[in-house]
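Chain by chain, the residues:
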Amino acid sequence: MTAPALSVRGLSKSYGSFTAVDDVTFDVHPGEIFGLLGPNGAGKTSTIRIMMDIFKADAGEVELLGSRPGETRERVGYLPEERGLYRDQKVMEVLVYLAQLKGMEAATARGRAEEWLDRVELQEWGGKRIKELSRGMQQKVQFIACLIHDPAFLILDEPFQGLDPVNVELLKGLMRELAGEGKTIVLSAHQMNLVEELCDRILLINEGKPLLYGSLQQIKRDFAPNSVRVRAEDIPHDLPGVIRSERNGDVTILTLEGASSQELLAALVARDVQVESFERASVPLNDIFVSMVQGSTDTG
């Protein structure tokens, strides 16, 4: 079995009497996009900073790319939530300088910077000062800065901040491409629809404690109501086990009690209903997020 790209065990961190991270354990598999989720103040940033060896944990262990935090720094790319570009410097100068800090030669760094500026459609801005760029442009430069040295592991904290829908799509495509190349990505974001599109597995934390962890597909299945979405004409009103029927455009949502989805499909077929599509109804990740966070806060 392949070793995790990141292994976190029993991680805890307090600031005085405030516990920011409380016994958190999770793994991130090589080549996956992993969602580290939670509301503001949940403990995500503290967890990330421990992973990056910026903070020291009070308890627990972290192994990143087979080593302790900090020992693999040149193989890790970090996009922090608090951006840190030198506003009075030119874009190319900043990118080359940051790449050199990661051990790259200046000439190699310049070539990589030119390549990435072209890929994010900023090829004509390399000679401009950072402060001349829009917020979205600066965000794309920050993204380049975190991966210019070709890291194996990326930590992206709110990477979609300040981006318009076109550039969100651009960044999503690049993230999928990087994961396809075998790079591992930890994504922390508040846009649950984007997390749903990108992530294989997630960890949801609140008040420093883990609430949900595992396959996003399985989590959504566990939270799914006992309902199905059916696209068909003339659905009978007396189907066995159906307690509610709700039409929404050309789709009917049937809520079941005492019957499985397979039994319902068999009943539709037996009545010669021409079924165009049939699927279990799912709950958006945003609804799961809100429900779990509110529930943990109410009982905490």
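What you see is a predicted model; the values in this text were computed from it and never measured. (Residues numbered from 1 in each chain as written. Predicted model: local features only at pLDDT ≥ 70, side-chain atom pairs only at ≥ 80, totals over all residues. Heavy atoms only, no water.)

A.B. asks: So, the overall build of the protein: which residues are in play, and what are the values?
C.D. replies: Helix and strand counts for the protein stand at 9 helices and 13 strands. The principal-axis extents of the C-alpha atoms in the protein amount to approximately 70 × 50 × 35 Å. Evaluated residue by residue, the protein yields a buried proportion of 46% over its 300 residues. Taking all contacts inside the protein whose residues are at least 6 apart in sequence as the whole, residues at least 24 apart take part in 67%. For the protein, the computed accessible surface area is about 15,000 Å², with 46% contributed by carbon and sulfur atoms. Counting 33 positive and 45 negative side-chain charges, the protein places the averaged centre of each group 5 Å from the other. (Helix = DSSP H or I, 4+ residues; strand = E, 2+ residues; numbered from the N terminus. Buried < 20%, exposed > 50% of the residue type's maximum accessible area, 1.4 Å probe, protein only. Contact = heavy atoms within 4.5 Å. Areas by Shrake-Rupley, 256 points an atom, 1.4 Å probe, with all protein chains shown as cover. Lys, Arg positive; Asp, Glu negative; His and termini not counted. Charge placed at Lys NZ, Arg CZ, Asp CG, Glu CD.)

A.B. asks: Describe the packing of aromatic side chains, listing the residues and the values that go with them.
C.D. replies: Evaluated as defined, the whole model comprises 5 aromatic pairs. Between phenylalanine 26 and phenylalanine 34, the aromatic rings sit 5.5 Å apart at their centres with planes inclined by 10°, giving stacked as the arrangement. Its relative accessible area of 1% is what places phenylalanine 26 among the buried residues. Among the residues examined, phenylalanine 34 registers a relative accessible area of 0% and is labelled buried. Grouping aromatic residues by their ring pairs yields a cluster made of Phe26, Phe34 and Tyr213. Its guanidinium or amino end placed over the ring of tryptophan 116, arginine 119 lies 4.3 Å from that ring's centre, counting from NZ or CZ. (Phe/Tyr/Trp six-rings, centres within 6.5 Å; stacked < 30°, edge-to-face > 60°. Lys NZ or Arg CZ within 6 Å of the ring centre and 35° of its normal.)

A.B. asks: Would you mind going over the sheet that holds strand β8 (residues 201–206) in detail, with residue names and values included?
C.D. replies: The strand order across the open sheet built from 6 strands is β5-β6-β7-β3-β8-β9, with neighbouring strands paired in mixed fashion. Each end of this open sheet is capped by a strand with a single partner; those strands are β5 (76–79) and β9 (209–215). The average undirected angle you get between the axes of adjacent strands in this sheet is 15°. Bridging between β8 and β9 involves 6 bridges; their strand directions are antiparallel. Looking across to β9, one finds that asparagine 206 is bridged to lysine 209. Across the sheet, helix α4 (residues 135–147) is in contact with β5 and β6 (153–157); its angle to β5 comes to roughly 160°. (Pairing = 2+ DSSP bridges. Axes fitted to C-alpha atoms, helices over the stretch in contact; angles between N-to-C directions.)

A.B. asks: I'd like to hear about the side chain of threonine 72, residue by residue, with values.
C.D. replies: For threonine 72, the position within the fold is in the loop between β4 (59–64) and β5. Under the relative-accessibility criterion, threonine 72 is labelled buried at 5%. Those residues within four positions of threonine 72 in sequence are excluded, and the remaining contacts are Leu64, Leu65 and Ser67.

A.B. asks: Please give an account of a nonpolar patch on the surface that cites residues and values.
C.D. replies: Where nonpolar side chains cluster on the molecular surface, the patch consists of Tyr86, Tyr97 and Leu101 and spans about 320 Å² of accessible area. By the secondary structure assignment, tyrosine 86 is in the loop between β5 and α2 (91–101). When its relative accessible area of 42% is taken as the criterion, tyrosine 86 is described as partly exposed. (Patch = residues over 30% accessible without salt bridge, like charges linked within 9 Å, V, L, I, M, F, W, Y side chains within 5 Å. Salt bridge = Lys/Arg side-chain N within 4 Å of Asp/Glu carboxyl O.)

A.B. asks: Could you give an account of empty space enclosed by the protein, with specific residues and numbers?
C.D. replies: Gaps left between atoms show up when a probe the size of a water molecule is rolled over them. Considering all chains together, one arrives at 1 cavity of 30 Å³ or more under this definition. A volume near 40 Å³ is recorded for the largest cavity. Lining the largest cavity, in full, are Met51, Met52, Leu64, Gly70, Thr72, Arg73 and Val76. Class assignment of the residues belonging to the lining of the largest cavity gives a composition of 4 nonpolar, 2 polar and 1 charged. (1 Å grid on protein atoms, 1.4 Å probe; cavity = no way out; pocket = protein on both sides within 12 Å on 5 of 7 lines; lining within 4 Å. Points joined across faces, edges and corners; volume = space filled by probe spheres on them. Nonpolar A, V, L, I, M, F, W, Y, C, P; charged D, E, K, R; others polar.)

A.B. asks: For the side chain of serine 227, give the residues involved together with the corresponding values.
C.D. replies: As for its position among the elements, serine 227 is in strand β10 (residues 227–232). Look at serine 227 and you get buried, because its relative accessible area is 6%. Among the polar contacts made by the side chain of serine 227, one reaches the side chain of threonine 255 at a distance of 3.2 Å. (Polar contact = N/O pair within 3.5 Å; in protein donor to acceptor, adjacent residues only side chain to side chain.)

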